[in-house]
Amino acid sequence: MKISTKGRYGLTIMMELAAKYGEGPQSLKSIAERNGLSEHYLEQLVAPLRNAGLVKSVRGAYGGYVLSKDPNQITSGDVIRILEGPISPVDFTEEDDPAKRDLWLRIRDAIANVLDSTTLADLISYQGENNQESYMFYI
């Protein structure tokens, strides 16, 4: 399964809004500039996110977009499904071989599990290799 730019950039928008949660509306122009993306393309992506109720638009001179829920309540799976559609590596419903059909189902479920267990809060707080709590060994 390959996530297109719709899903990747949509997740970028949502992570930016999550990072600024509680600080007021964020303009798509500022998000686009910070990430080197097309503002016009982000406008196309934010519409389905707004229609799905994940973001709210705020009009006015200092308007923009805000998350409609706490970043802990929105998963990456929510965002990807809205922008990409159902999560499935192949159309396994037409698979005759039960072993292969089971494999495709397990792959789908594993991907869905990772996406559904990863919130926006998890993504914006990720420290990876720079994790402050990691151990340092000296030789």
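For the structure, see preceding data.
For every chain, the first residue of the written sequence is number 1, and numbering continues from 1 along that sequence. Thresholds applied to this predicted model are a pLDDT of at least 70 for local features of residues and 80 or more for the giving and counting of side-chain atom pairs; totals over whole chains, interfaces and linings are not thresholded and use all residues. Heavy atoms from the whole structure form the basis of all side-chain values; hydrogens and water molecules are not counted.

(A) Geometry of the packing of aromatic side chains. Here the aromatic set is Phe, Tyr and Trp, taking the six-membered ring for Trp, and pairing holds for ring centres within 6.5 Å; pairs whose planes are under 30 degrees apart are stacked, those over 60 apart are edge-to-face, and all others are tilted. Using the criterion set out here, one finds one aromatic pair in the structure. Summarising the aromatic geometry, the rings of Tyr9 and Tyr41 are spaced 5.7 Å apart at their centres and angled 80° between planes, so their arrangement reads as edge-to-face. Of this pair, Tyr9 sits in helix α1 (residues 5–19) while Tyr41 is found in helix α3 (residues 39–51), placing the two residues 32 residues apart along the sequence. The class for Tyr41 is partly exposed, based on a relative accessible area of 21%. A run of H or I in DSSP becomes a helix once it reaches four residues, and a run of E becomes a strand once it reaches two; helices and strands are each numbered from the N terminus. Partly exposed describes any residue whose relative accessible area lies between the buried limit of under 20% and the exposed limit of over 50%, with all areas from a 1.4 Å probe on protein chains only and scaled to the type maximum.

(B) Representation of the pairing of strand β1 (residues 55–58) in the model. Sheet analysis places β1 next to strand β2 (residues 64–67), joined by four bridges and oriented antiparallel. Note on β2: the bridge partner recorded for Val58 is Gly64. Two strands pair under a simple rule: DSSP has to find at least two bridges between them. The antiparallel pairing of β1 with β2 creates a hairpin that spans five residues between the two strands, and Gly60 there sits at a positive phi of about 115°.

(C) Helix α2 (residues 28–35), seen in detail. For α2, the set of buried residues is Leu28, Ser30, Ile31 and Ala32. Downstream of α2 by one or two residues, Gly36 has phi in the positive range, about 65°.

(D) Region of the structure containing the side chain of Gln26. Positionally, Gln26 belongs in the loop between α1 and α2. Of the residues examined, Gln26 reaches a relative accessible area of 12% and is grouped as buried. For Gln26, the residues in contact, after removing those within four places along its chain, are Leu17, Lys20, Ile31, Arg34, Gly64 and Tyr65. Every residue pair with non-hydrogen atoms within 4.5 Å of one another is taken to be in contact.

(E) Here's a closer look at the pattern of salt bridges. By definition, a salt bridge exists where a carboxyl oxygen of Asp or Glu is found within 4 Å of a side-chain nitrogen of Lys or Arg. Tallied over the entire structure, the rule returns four salt bridges. In this structure, Glu16 engages Arg34 in a salt bridge whose closest nitrogen and oxygen atoms are separated by 2.8 Å. Of this pair, Glu16 sits in helix α1 while Arg34 sits in helix α2; the two residues are 18 residues apart in sequence, bridging distant segments of the chain. Residue Arg34 is classed as partly exposed on the basis of its relative accessible area, which comes to 42%. With its nearest N and O atoms 3.0 Å apart, the salt bridge here joins Arg106 to Asp102. Of this pair, Arg106 and Asp102 both sit in helix α5 (residues 98–116), four residues apart, which is roughly one turn of the helix.

(F) Just the side chain of Thr118, in detail. Take Thr118: it is sitting in the loop between α5 and α6 (120–125). Not counting residues within four places of it along the chain, the set of residues in contact with Thr118 comprises Thr75, Ser76 and Leu123.

(G) Spatial organisation of the packing of α1 against α2. Between N-to-C directions, angles cover 0 to 180 degrees, with each direction set by a line fitted to C-alpha atoms, over the stretch in contact for helices. Running from N to C, α1 and α2 point in directions that differ by 110°, and their axes come no closer than 11 Å. Regarding the angle of α1 to α2, the classification is roughly perpendicular. Between α1 and α2, the contacting residues are Thr12, Ile13, Glu16 and Leu17 on the first element and Ile31, Arg34 and Asn35 on the second. Any residue outside Ala, Val, Leu, Ile, Met, Phe, Trp, Tyr, Cys, Pro, Asp, Glu, Lys and Arg is labelled polar, Gly included; the first ten of those are nonpolar and the last four are charged. Among the residues making up the contact of α1 with α2, the classes are represented as three nonpolar, two polar and two charged. In this scheme, roughly parallel covers angles under 35 degrees and roughly antiparallel covers those over 145, while 65 to 115 is roughly perpendicular and the rest are oblique.

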